[in-house]
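# Chain and residue survey
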Amino acid sequence: MNFVSVADVHFDIPFRRISDRAGLGRERRLDQRKAFKKVIDYIKENNVEYLFIAGDLYEQDYVQEATIAYINDLFKTIENTKIYIVPGNHDPRIKNSYYETYKFNDNVKIFTDRLEIVENDDCDIYGYGFNNFEMSQNKLDDLQIKNQNKINVFLSHGDIYNKSVYNPMNLNLLEEKFDVINLGHIHKRDKYYSGSLISLGFDELGEHGFIYGEADENKKITKHFIKADDKEFIRENFDITNILSNEELIEKLNEIETRNDLYEIILIGERSFKIEIDLNLVQKSIIKIKDETKLKEEENINENSLYGIFVKNLKRKLENEEIDEKQYEQIIELEKQIMNK
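Residues numbered from 1 in each chain as written. Predicted model: local features only at pLDDT ≥ 70, side-chain atom pairs only at ≥ 80, totals over all residues. Heavy atoms only, no water.

Taken as a whole, helix α5 (residues 246-253) has its buried residues at N246, L249, I250 and L253. Buried residues of α5 fall within an arc of 100 degrees about the axis and therefore sit on the same side. For α5, the exposed residues set more than 90 degrees away from the buried face come down to E247 and E251. (Buried < 20%, exposed > 50% of the residue type's maximum accessible area, 1.4 Å probe, protein only. Helix = DSSP H or I, 4+ residues; strand = E, 2+ residues; numbered from the N terminus. Arc of directions from axis to C-beta.)

Given below as structure tokens:
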């Protein structure tokens, strides 16, 4: 048998974390469609027998019926592929869920919150999903494998690493019972999770996509990662020690080679000016700018001048923990602004 495993697509998510950049949320929603179509095209090109979708296919609170229709139309183009979906905590099978109200194509099976088994000629598939936005009840204690000679597949959405309210599962039990384990919920890819189909923010760095797998008659399992997201979220340090103004900083930021990716630039080093940057003046690929610079210590301050006495007293407050380092730097910069007026 061969299969594709995908999870955590989150169709129609608002992308609030990156919405400060005009149109970028809509652009990433289009990227979701593009990536999901890559999944379907891969299935067509490789005659994949099974598509496993391990939850959070869409966002219950935001998804549009047009998006569901788009997904289902893609399902119709792979009639010979059996599609199995488990609802996740973002797309639970609740009363007004599209899993309940929409007529999906005949090759689609949507699991409920009860552990079910679907028997096929070459494998048995065990699965269950969410019927609410949280699910902490253990559903695996009484699990019995029906046919040990077949390839046994487990499909669910939840947490094998933490005792959370998001379907905590016993990994040792799963490994003991199943030949193939396909899970969703953790957006980072590993042996059991395919990760999110596209990156949803700077907490999801690196490549994203889906898993192609094969299992032979001897239950030898092979899995391969297939990249589907054309963009990556990247964090990069940028030293501003030798930069003397906001204008120069903006110029340098616009010279960074960002390709097609999305960047969070972390400013480091010592600054000699107050950093004030309008993101609209910076290239679109830079989504966030985080200031982790330190105020450059001034040399040759006349300790007997009013400014020298002011700095000396302020440092004493810092040493006595009456103010913290951030407050110290803010007061110094404010004083400089007043002096330069």
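Reading across from one edge, β4-β3-β2-β1-β9-β10 is the order of the six strands in this open sheet, with mixed pairing throughout. At either margin of the open sheet sits one strand with a lone partner, and together these are β4 (108-110) and β10 (221-227). Each strand axis lies, on average, 20 degrees off the axis of its neighbour in the sheet, ignoring direction. Of the pairings in the sheet, the one linking strand β3 (residues 82-85) to β4 comprises three bridges and is parallel in character. (Pairing = 2+ DSSP bridges. Axes fitted to C-alpha atoms, helices over the stretch in contact; angles between N-to-C directions.)

Right, let's talk about the sheet that holds strand β7 (residues 151-157) for a bit. Strands sit in the order β5-β6-β7-β8 across an open sheet of four strands; the sheet is mixed. Among the strands making up the open sheet, the edge pair consists of β5 (116-119) and β8 (180-184). The mean inter-strand angle of the sheet, taken between neighbouring strand axes irrespective of direction, is 15 degrees. In terms of strand pairing, strand β6 (residues 123-127) meets β7 through five bridges, oriented parallel. Note on β7: the bridge partner recorded for G127 is L155.

This paragraph deals with the side chain of N167. By the secondary structure assignment, N167 is in the loop between β7 and α4 (171-177). On the basis of relative accessible area, N167 is assigned to the buried category, the value being 0%. Side chain to side chain, N167 and Y128 meet in a polar contact 2.8 Å long. Among all residues touching N167, those that are not within four sequence positions of it are Y128, F130, M135, S156, H157, G158 and D159. (Polar contact = N/O pair within 3.5 Å; in protein donor to acceptor, adjacent residues only side chain to side chain. Contact = heavy atoms within 4.5 Å.)

The next point concerns the environment of N218. Mapped onto the elements of the fold, N218 is located in the loop between β9 (209-215) and β10. Look at N218 and you get exposed, because its relative accessible area is 62%. C-alpha separation for the pair N218 and I151, spaced 67 residues apart in sequence, amounts to 8.9 Å.

Mapped onto the secondary structure, I186 falls in the loop between β8 and β9. Those residues in contact with I186 that sit more than four places away from it in its chain are D8, D159, Y161, Y193 and G195.

Residues Y50 and F52 point to one face of strand β2 (residues 50-53) and L51 and I53 to the other, with burial holding for every one of them. Examined bridge by bridge, strand β1 (residues 2-6) and β2 share four bridges and lie parallel to one another. For S5, the partnering residue across the bridge sits in β2 and is F52. Alignment of β2 against β3, held across four bridges, turns out to be parallel. For I53, the partnering residue across the bridge sits in β3 and is I85. In this fold, the crossover linking β2 to β3 by way of helix α2 (residues 65-76) has right-handed handedness. (Right-handed = clockwise from strand over helix to strand, strands pointing away.)

This paragraph deals with the packing of aromatic side chains. Each pair of aromatic rings is reported with the distance of its centres and the angle of its planes. Enumeration over the complete set of coordinates arrives at 17 aromatic pairs. An angle of 75 degrees between the planes, with centres 5.4 Å apart, marks the rings of F11 and F36 as edge-to-face. Note that F11 is positioned in the loop between β1 and α1 (24-45) and F36 in helix α1, a separation of 25 residues in sequence. Residue F36 is classed as buried on the basis of its relative accessible area, which comes to 0%. On the numbers, 5.4 Å between centres and 70 degrees between planes, the contact of Y42 with F210 is edge-to-face. Of this pair, Y42 sits in helix α1 while F210 is found in strand β9, placing the two residues 168 residues apart along the sequence. Owing to a relative accessible area of 17%, Y42 belongs among the buried residues under this scheme. Aromatic rings pair up to connect F3, Y50, F52, Y84 and F111 into one cluster. Of note, R33 hangs over the ring of Y70, and the distance from its end group to the ring centre comes to 4.2 Å. Directly above the aromatic system of F111 lies the positively charged group of K109, at a separation of 5.2 Å from the ring centroid. (Phe/Tyr/Trp six-rings, centres within 6.5 Å; stacked < 30°, edge-to-face > 60°. Lys NZ or Arg CZ within 6 Å of the ring centre and 35° of its normal.)

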